[in-house]
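The primary structure of each chain is shown beneath.
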Amino acid sequence: MDGRTRRRTDTKQRLYEAAVELIAEQGFSATTVDDIALRANVAKGTVYYNFKSKSELFEELLRHGVGLLTAAFREAVEGLPPREAVGALIRTQLEYIRRYRAFAQLLLSEMWRTNREWQQTLILLREQAIGVIAETVQAGVDSGDLPGDLDVQVASAALFGVGLVVAVDWLVFQPDRPIEDVEESLLAIVRRVG
């Protein structure tokens, strides 16, 4: 990567981070391009040089953030038997959300809105992330590690949603609670259900 490409990548990353923080703090509608530029410490024109609009920036931000989570899920489950893989997914989601808390709060607030122009993108991204969970759950059903009558799609969406809500709740209301304690509590719930 040459210096110019690296600078552009660094600038995009700063814009993502600024947009995530601001939108998590004050919502999409209240966040302006000027706010994003100021927070990222760049000129307003730099935002438009990298993204055609605030909506395009937000859509790319969703792709970037959910893409990171999906990649982390894939890496976490590689080579693990299904029961261990479910635990790895839970731990990975908690770690991801601890690292990208503002993005998780943003994702949580946007996930079920249906009136946004990026809704189709969000649906596809959600399907990719939940798809990794579904592959793991299906492997558990196929191997007999999980109940044969388990609805794989509902169970996968439940694992994703519960992990997201519990992680954000933990970081907002009990930030001093160790991640291992939260992980163990989530695993205990999953074991009782499965």
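Going by the structure above, here's the rest.
Rules used throughout
- In this numbering scheme, every chain counts its residues from 1 along its sequence in written order.
- A pLDDT threshold of at least 70 governs which residues receive local features in this predicted model, and a stricter bar of 80 or more applies before side-chain atom pairs are shown or counted, although totals over entire chains, interfaces and linings include all residues.
- Computation of side-chain values: all heavy atoms of the structure, hydrogens and water removed.
- The secondary structure listing takes helices from DSSP runs of H or I that are at least 4 residues long and strands from runs of E that are at least 2 residues long, numbered from the N terminus.
- Definition used for salt bridges: Asp or Glu carboxyl oxygen within 4 Å of a side-chain nitrogen of Lys or Arg.
- When accessible area is computed with a 1.4 Å probe and restricted to protein chains, residues below 20% of their type maximum are described as buried, those above 50% as exposed, and intermediate ones as partly exposed.

## Regarding the environment of Ala-71
No. 1: Locating Ala-71 in the fold gives a position in helix α4 (residues 54–77).
No. 2: Residues Ala-71 and Ala-129, spaced 58 residues apart in sequence, show a C-alpha to C-alpha distance of 8.4 Å.

## Details of the environment of Gln-138
No. 1: Among the secondary structure elements, Gln-138 is positioned in helix α7 (residues 119–143).
No. 2: Each C-alpha atom, one on Gln-138 and one on Gln-153, is 9.1 Å from the other, the two residues being 15 residues apart in sequence.

## Structural notes on the pattern of salt bridges
No. 1: All chains considered together, the criterion is met by ten salt bridges.
No. 2: Of the charged contacts in the structure, one is a salt bridge between Glu-21 and Arg-39, with a shortest N-O distance of 3.0 Å. Pair noted here: Glu-21 is in helix α1 (residues 3–26) and Arg-39 is in helix α2 (residues 33–40), with a separation of 18 residues, a long-range link.
No. 3: Residue Glu-21 is classed as partly exposed on the basis of its relative accessible area, which comes to 33%.
No. 4: Judged by relative accessible area, Arg-39 falls into the partly exposed class, the value being 37%.
No. 5: Residue Glu-95 pairs with Arg-91 through a salt bridge whose shortest N-O separation is 2.7 Å. Of this pair, Glu-95 and Arg-91 both sit in helix α5 (residues 82–99), four residues apart, roughly one helical turn.
No. 6: With relative accessibility at 34%, the residue Glu-95 sits in the partly exposed group.
No. 7: Of the residues examined, Arg-91 reaches a relative accessible area of 22% and is grouped as partly exposed.
No. 8: Here the salt bridges share partners, and the residues they tie into one network are Arg-91, Glu-95, Glu-180 and Glu-183.

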